[in-house]
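# Observations on the three-dimensional arrangement
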Amino acid sequence: MATAAKGVVLLDFWVSPFGQRCRIALAEKGVEYEYKEENLWDKSPLLLKANPVHKKIPVLIHEGNPICESLLIVQYIDEVWSNNPLLPSDPYERAQARFWADFVDKKVSECWTRLWKVKGEAQEEARKDMIEDLKLLEGELGDKQYFGGETFGFVDVAFVPLSAWFYTFETCGNFSVEKECPKLVAWAKRCMERESVSKSLHDPHKVYEYVCQLKKKLGVD
Amino acid sequence: MAEAEVKLLGTWSSPFVLRIKWALKLKGVEYDFIEEDLQNKSPLLLKYNPVHKKVPVLVHDGKSIAESYVILEYIDETWKENPILPEDPYQRAMARFWSKFGDEKFLPSMWKFFISQGEKREEALVSASENLKILEGELKGKKFFNGETLGFADISLGWIVDTVSLLEEIMELKMIDEQRYPSLSAWMKNFSDFPGIKDSFPPQERMLTKYRTLREAYFATTRGTN
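Residues numbered from 1 in each chain as written. Chains lettered and ligands numbered in written order. Predicted model: local features only at pLDDT ≥ 70, side-chain atom pairs only at ≥ 80, totals over all residues. Heavy atoms only, no water.

### Section: the overall build of chain A
Selection criterion: Strands are runs of DSSP state E lasting at least two residues, helices are runs of H or I lasting at least four, and both sets are numbered from the N terminus onward. Two things to know: the radius of gyration comes from C-alpha atoms, and the globule rule equals 2.2 Å times the number of residues to the power 0.38. Each residue is assigned to one of three classes by its accessible area relative to the maximum for its type, calculated with a 1.4 Å probe on protein chains only: buried under 20%, partly exposed between the two thresholds, exposed over 50%. Residue contacts are counted whenever heavy atoms from the two residues lie within 4.5 Å of one another.
For chain A, the helix and strand inventory stands at 11 helices and four strands. Relative to the compact-globule value of 17 Å for 221 residues, chain A shows a C-alpha radius of gyration of 17 Å, a close match. With the C-alpha coordinates aligned to their principal axes, the bounding extent of chain A is approximately 50 × 45 × 25 Å. Taken over 221 residues, chain A has a buried fraction of 52%. Counting only contacts in chain A whose residues sit at least 6 apart along the sequence, the fraction spanning at least 24 positions is 69%.

Okay, structure coming up:
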């Protein structure tokens, strides 16, 4: 991995919300890096070498060392570059941040995996679960500016890429995120005012287009 | 004397709870253990973990923390003696990676193998064995996943030590043998010999009954559909 001897390389896929977490974190810290777009249907030797266990993106390669799993990458970035901390300093507050970031993965991402692949009763259940999970997140946000309070933090980084998927969730699941969780929509708009976020996320209609193509490719419909 | 400032809500058999007990023991933290009945969840559990309603939950000075790996990090940051995570950010990322691998890949693959029958069982065995090879590869040459001493990844993967032996006994086959998995076999011994770990595993007979019953229940629901 001679090319990455000193620098920072991110192996990624344009629409991946997991990759976007890393892009946002790097941007928040002002870290320069080389972005490498992966073709997930024809994975590069570099990706297979950097992540032999999961063969997935994102992978951050720093000083030749590969780090995998998006939330682990974000924590690594936060620990190596200590400016603009994403995690708070108090252990209990840090635990709460980790808990809610984990919730986004265990619940919202999991729901999403069901929502677009199934039909009928199963989809109805996925829709109900999705709304319930989004409402729980909205409850945690409350009237705060960000999940991190006054400052943009770890949970914001973990969750905001999925806001570009709200339109897709709504269309596939037949519900309105704005109607069910207006505070979340307002929060997402606030986050988009940050350059790190607006430069990393894609237009929601582009995301939806991608999912439609993916569904066709996988014969799901 | 004031009420114990640290409480752990858990069950006698949960491997996720056990890892918290290990961490607290390593750090020398005294706590009250509250046994929960997951078929009949207590108001205390529902109060302290309203989102997932699961164990383990750590309560420290009235504040609750849920999800085992979140609790482990909290314990390490709050009680500084005998650090569980290394200091170097890359080594920390690796420790977290292997902990996640254990929970999200290896554990489900072992469980699937345990409850499958027929053709599905063969497929599940291949998957579980592949995961074992990966763990063996990561350990090679090291006493613990953390190096010379026990750490975060070891604590997270420690459930392998007694649970895999249990499943092996019930299924009447050896999965982690010394020939194919010399490093893992040595690690299992090093881990269980570590001070504080040795006599901490739940009673074997009780566990055997529990897992046998669970397996029978799974077989009963799939009988006639295989």
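### Some remarks on the overall build of chain B
Broken down by element type, chain B carries nine helices and four strands. Ordered by position in the sequence, the α and β elements of chain B form the string β-α-β-α-β-β-α-α-α-α-α-α-α. What you see for chain B is a C-alpha radius of gyration of 18 Å, in line with the 17 Å of a compact globule of 226 residues. Taken along its principal axes, the extent of the C-alpha atoms in chain B is 55 × 45 × 30 Å. Out of the 226 residues belonging to chain B, those deemed buried represent 52%.

### Describing the UniProt feature "domain: GST C-terminal" (unreviewed entry) in chain A
The cut-off we apply is this: UniProt positions are given in the numbering used here, feature names are shortened, and annotations may be inferred rather than shown by experiment.
In the numbering used here, UniProt assigns the feature "domain: GST C-terminal" (unreviewed entry) to residues 90-218 of chain A. Segment residues 90-218 of chain A splits into 77% helix and 0% strand. End C-alpha atoms: 45 Å apart.

### What to know about the interface of chain A and chain B
The condition is simple: Note: buried area is the sum, over both parts, of the accessible area (probe 1.4 Å) each one loses when the two are combined. What makes a salt bridge here is a side-chain nitrogen of Lys or Arg within 4 Å of a carboxyl oxygen of Asp or Glu, nothing more. What qualifies as a polar contact is a pair of N or O atoms within 3.5 Å, subject to a donor-acceptor requirement within protein and to the restriction that residues adjacent in sequence count only when both atoms come from side chains.
Counting residues at the interface gives 25 residues for chain A and 26 residues for chain B. When chain A packs against chain B, close to 2,400 Å² is buried across both sides, 66% of that on carbon and sulfur atoms. Run the count over chain A and chain B and you get seven salt bridges. Of the charged contacts in the structure, one is a salt bridge between Arg98 of chain A and Glu77 of chain B, with a shortest N-O distance of 3.1 Å. Where chain A meets chain B, there are seven residue pairs in polar contact (both at pLDDT 80 or more). Among the secondary structure elements, those contributing two or more residues to the side of chain A that touches chain B are strand 4 (65-68), helix 3 (70-80) and helix 4 (91-115) of chain A. With 12 residues, helix 4 of chain A is the single largest residue contributor to the side of chain A that touches chain B.

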